[in-house]
Structures are given as structure tokens and as C-alpha cells.
Amino acid sequence: MPLLSEINSPSDLRKLPVEQLPALCREIREFLISRLSVNPGHFASSMGAVELIVALHYVYDTPYDRLVWDVGHQAYAHKILTGRRDAFAGQRTLNGISGFPNPLESDADTFMAGHAGNSISAALGMAIADKLTPENRNRKTVAVIGDASISGGLAFEGLNNASNHPNDLLIVLNDNDMSIDPNVGALHSYLSDLTTSAGYNRIRNKMAGFFRKKGILTDQRKRAIIRFSNSIKSLVSKKQNIFEGLNIRYLGPMDGHDVIKLVQVFKEIKNMEGPRLLHVCTIKGKGYKPAEDDPAAWHAPGKFDPATGKKISVSSDILPPLWQDVFGETLVELAGMDKSIAGITAAMPSGTSMSKLAEAFPDRTFDVGISEGHAVTFAGGMAAAGKKPFVAIYSSFLQRAYDNIIHDVAIQGLPVTFCIDRAGLVGEDGVTHHGLFDLAYLNCIPGMKISSPADEETMRNLMFTSLSINSPYAIRYPRGRAYHTDWKSEMKTLEVGKGRKITDHADAKIAILTLGPVLKDAMTAASLLEDQGIKTDIFDMIWMKPIDMGILSDVAQRYDAVITVEDGALEGGFGETVEHHIREIGSGIKVKSLGVPDRWIAQGTVDQLKNLCGYDVEGIISAAKELTSNTKG
Ligand SMILES: Cc1ncc(C[n+]2csc(CCOP(=O)(O)OP(=O)(O)O)c2C)c(N)n1
Ligand SMILES: CC(=O)[C@@H](O)[C@H](O)COP(=O)(O)O
Ligand SMILES: [Mg+2]
């Protein structure tokens, strides 16, 4: 790769003649295909954003000028051009670079990315701060946001605020007509026929410059003219351009793969004043036919054969189900039993397997787009109207909807069932995507029921139990696979707040209390400990709230020490709750809590990260040994 191998910074890129940029884009795509076929990541989005990223770094004085990425899964070319080409082979691995922009990793990464919708607000903050900072007056800021991400509430809040205070923010709307799955919503269909002529903009730009030089065009007069021209346009075209209706200058649409044209346009608009939005049209998966043909399947394809596009699956055996499929297929069964059941997803139908309900009951399944807050309140509305909504949202994305859970569901005690997927460490997506806080952030909400299954049977029974729960209810489960190939057991109603004793040794001195699938590690650890003469008893608590006080008082009386294990943050988590109640009972036994410590956890495999956090089999064994030696001493 003769061009790419010489680029170790954006200033190296800017030394190239513009005519060489198409060749550079080809090399970047070749690089992405070769690296991502062996070390998987977000493929199609990044393939579609190559020209856009090259042109931005070519025209803007990065990293002094700021690029703010939305989600950031499309920004691999940005990482490659900003000194991380060689490190890219280790992206999304332990101690490697992150799969998303991260300011801790590079000064070219201006803001944390990973959760959709934050780029406009963050970039607007930077742009306005620069207006207030004399030495930064000429610093440019550009937000790059996709067509699905811009439909989220936070993005709209940013757009709505963009014309209130003087700023020169450029928003680049990267419209590839896709989310992870096909994009949804009115804005999506609106974008597809949004037009304004580039010629019209050029003339308008020249006139504005002329009148400004004459001192005729003040800010106030300019805003009046824009409002006047918008009203003329909406009279003539009958279509108010939504962005110009918000006093954000709309430019485009243009071909997002014509890197020469993009350079020319960015040069033209770079020094324009006031908030602008450039609408570029791209193809998700551009430059790799299998991905162009099926961008959803190539959003995060895993390993593949670059020559054939054949996915390289980890095993050909019959595998246990994905937890999300246990959820999806069980929900279809429940929806068949109870017509009041509806399913809601926030732009993650395939990720949560809510797609299975959509196939079986399309009229009872709702994809509301990347709008988790709206999804929860929408569910609250459905519940208030007598339905039984199941909202499936990844734990870390659900963080976006915290007050919606409290204000629009819990205070009213509405029967919404939260199916919290990707709960716990998720692995390679890293710090923004680990679902570590749901136990803590839900536990303090009055009336919220919180559960976590250790296996498929319990998952199905917890879901079935929702039919007899008429109040807010959460079931949390992890990314990845469960355990049993034949898992579709008969369902039954569980007693709310009732855990189960797994082992019962007369002479065990240590109790191990687990919540969720960490039970498996505890059982492995217990049998290894028994081989070493240390007897423990295991309890699968199933419920975090209400917690099984019967088990806690039994444990407090019978054992010398307790180990708790959770796949989540220790602060405010399951272990703290156990200790709080054991102290309330008046017991002073030692409680050792294992889980995620109070620090940010970057990317790696789940096994690597659990080991680092000390709650894998090894961690449980060493905790039991430590307690045994302490209680003996
Ligand atoms: C708050 C939040 N919800 C959901 C997601 C999952 N997610 C990641 S990328 C994506 C689709 C983004 O679509 P778009 O903005 O159009 O970018 P594209 O992938 O098309 O480049 C979604 C839903 C997320 N990252 N953040
Ligand atoms: C970029 C993004 O947020 C999603 O693509 C996310 O990475 C999906 O996670 P899973 O791979 O766990 O479905
Ligand atoms: Mg898109």
C-alpha cells in the first residue's frame, strides 16, 4: 500500500496531491478488508465512510480542527489516518486500541463515541466554546452522524439548539439509508427525497459574502432573510426543509464517494458562518460486494474469507442458543398465549432477536429507531392502555432511558417487562457497551422487580412469570450463548423473590451466592475447591429485588462467610445488597463480593476481562481460600 504506508498523521495525508486521493481510498478499503477479515469489527459502516473521512482530514486542519464521530463504528479510516494504522491490527483486543473513538487513545479522537446521537451536542458545545475563546476563534468543528443516529432524541435536541447561539458548526449527515437493520421512521423516508441545488447554495453564498462585506447583512437581518427564504421555499416546494426550518443551512445531497468533489465542497463551506448541514449519500459496505449486497449482515460480520466473502464460523457443531434467541423465541410463545403482549426494540431487532416476534406477530412488534427513552415511555403508554409490552434493550443503551424508566413506568407501577440484553461484560465493544450498571441503576427504584436467569429454563420461567406480574419487571441476561442445545422446557410461574439452593453440604463453612449465569463459574470453582478439601454451598438467587431474605437469614446463621458473585458493577450492586440485608439481620459474618470493581473496563474477551476483574473461576477459588484461611486463623 504505497500511499497508506507513508501516512502516519493527517499532515502526511495533506501532502498528497488531490488526484491521488481515490487511490488512497482504494488502499484503505484493501487494508480494512485484510485486517477485519481476521480481527473482526464493524465492517460495512467503515467501508462506506472512507472517502468522507479522507476528505475531512484533507481539508480540515486535524487534529487542531475537531471531528466528532457519532457512534464511531464508521471511523476506522479516521483511526488509520491518525497514527493508528499499525495498531489497527489489534483493535478491539485486550490492551489494543478501542473499536470506537476515545480521547484517552488519541488527540484526534475529540469525544467519547459508541452510543448513538451525542455528536451534535458535543460538537456544538465545542463550537460555541471556541466562539468564546479568542485563541480558538478559527478552530473548526465537524460532527459526523448517520441517517439512523440523527433520528434519536439527543441528536434532535442538538439540532434544535444549534441555531440559538452563534456557532459555525458543520454537521455531516452520512446517509447510507441504513441503520444496523433497515432504517425506520419518518425522518428516514423524508431524507430520501430531500433536495436543494448546489448551484442555489453557491449563488446564495456569494450574495451573502457581498452583502456582508457592504455591512448590509447583519446576523439579525441574516436570520430574517433565512426565515423569509424558507417560507418562500415551503410555499413553492410545499416541503419545508426540516434543517432549514431549524435555521440550519442545508447543503446537498451529494455523492459521499466522490472524494475529489467532497474535498472541493468542504473547501467551499469550511469558512462559511453559522450552523450548516451537509447531506452526503453513501453506500454501507461500499467497495466490497457481499457487504454492499447485504449491509445488515456485514454490520459486524465476524471473521470472513476476503476472497469469497464466506463467513468463518467458530464451530460447525449444533451450538447452544444465543441468550437473545432464548428471549426472542420464548416471547413468540408467550405472545401466542397472551394477545396483550407487544414487543418493542430501539433499532436493534436482529441484535435482540425481537425480529422473531416481528416475523410471527408483525402488528405487535415495534421498532422505534435509535430512541431508547422514547421506547420506554412508548411502552409505558402501551401499558397504561392495557397492553403488556416487553422492551428489549441492551443494558448500556438502556442507560439513555433512565428517567423514562422511573417517571414514565415505575412511579405509575406500569406492567412493562424490561428484557435487558448484553447485561454484564460484553467483551470487544469495550467501555461504552459493557452492561455493568443496570443492577445498581434499577435496584434503587421502588417497586422494580429485578431478576437474572442462570440458564435457559430459568430464563423462560422468568419470562412466563411476567404474565402474572402486573408491575415494572426486569430480566437481565448476557451477550453470547447459553448452555443447552435442547432448551425449550415447559414453562412455569416462579415465586417472585425466591432463590434456590444448588448444593447442601453438612460441613460447608462458606456460602457462594450468585445472580445470573455466573452460577456456572461458581459451580466449577466449588468442585475444584472440594477436591482441595474446601466445602462450599451454592445458592442461585435468581432475584436481586425482591431478594430472598429466607436464604439470607439461613446463610447468616449457618455459615462463617459468604461470597457473592455478579456480572456487574460492585458499587450499588448485588453484593452490596446482600451485605446490607445480612447486616440488617444482625449478622456479622464476612461478606466477600466479586464483580466489576469501581473503574472503567476497556475491551478484551469476556474471559480475559472477568479474570482481570477477579470474578472468574480462579477469582472465586482464591476468594474462598482467603476466607477459609481467615476463618481458620
Ligand atoms: C444509544 C444507542 N443505541 C443503539 C446503538 C446500536 N447501534 C450501533 S450503530 C447503529 C446504527 C447506526 O446507524 P447510522 O447512524 O445510520 O450509521 P451507519 O451504521 O448506517 O453508518 C445502532 C442502532 C448504539 N450504538 N447506541
Ligand atoms: C456499534 C454498536 O453499538 C452495535 O453494532 C453494537 O456493537 C452491537 O453489539 P452486539 O455485537 O453485542 O450486538
Ligand atoms: Mg446509516
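Residues numbered from 1 in each chain as written. Chains lettered and ligands numbered in written order. Predicted model: local features only at pLDDT ≥ 70, side-chain atom pairs only at ≥ 80, totals over all residues. Heavy atoms only, no water.

Attention now goes to the sheet that holds strand β15 (residues 543-545). Taken in spatial order, the 7 strands make up an open sheet running β7-β6-β8-β9-β11-β10-β15, and their pairing is mixed. The strands lining the two open edges of the sheet, one partner per strand, are β7 (365-367) and β15. Taken over all neighbouring pairs, the strand axes of this sheet differ in orientation by 20° on average, direction set aside. As paired strands, strand β6 (residues 341-345) and strand β8 (residues 388-394) are joined by 5 bridges and run parallel to one another. Following the sheet pairing, Ile 344 is matched in β8 by Val 391. (Pairing = 2+ DSSP bridges. Helix = DSSP H or I, 4+ residues; strand = E, 2+ residues; numbered from the N terminus. Axes fitted to C-alpha atoms, helices over the stretch in contact; angles between N-to-C directions.)

So, about the environment of Ala 148. Along the chain, Ala 148 falls in the loop between β2 (141-146) and α7 (153-161). Sequence separation of Ala 148 and Met 178 is 30 residues, and the distance between their C-alpha atoms is 6.8 Å. Sequence-distant contacts of Ala 148, defined by excluding residues within four places in its chain, comprise Met 178, Ser 179, Asn 183 and Ile 370. (Contact = heavy atoms within 4.5 Å.)

Glancing now at the state of the cysteines. Overall, the coordinates contain 0 disulfides when judged by the stated rule. Take Cys 25: it sits in no disulfide, and the sulfur closest to it among the cysteines is that of Cys 281, at 17 Å. What makes Cys 25 buried here is its relative accessible area of 1%. (Disulfide = S-S within 2.5 Å. Buried < 20%, exposed > 50% of the residue type's maximum accessible area, 1.4 Å probe, protein only.)

The next point concerns the environment of Ser 593. With respect to the helices and strands, Ser 593 occurs in strand β17 (residues 590-596). Taking the C-alpha atoms as reference points, Ser 593 and Leu 570, 23 residues apart in sequence, are found 7.3 Å from one another. The residues touching Ser 593, leaving out its near neighbours within four places in the chain, are Thr 564, Leu 570, Gly 575 and Glu 576. Side chain to side chain, Ser 593 and Thr 564 meet in a polar contact 3.0 Å long. (Polar contact = N/O pair within 3.5 Å; in protein donor to acceptor, adjacent residues only side chain to side chain.)

By nearness alone, 21 residues border ligand 1, and His 73, Ser 149, Met 178, Lys 284 and Glu 372 come closest of all. Within the side chain of Asn 176, a nitrogen or oxygen atom sits 2.8 Å from an oxygen atom of ligand 1. Contact between ligand 1 and Glu 372: a nitrogen atom at 2.7 Å from a side-chain N or O atom of the residue. Among the residues forming the shell around ligand 1, the class breakdown is 9 nonpolar, 9 polar and 3 charged. (Near = heavy atom within 4 Å. Nonpolar A, V, L, I, M, F, W, Y, C, P; charged D, E, K, R; others polar.)

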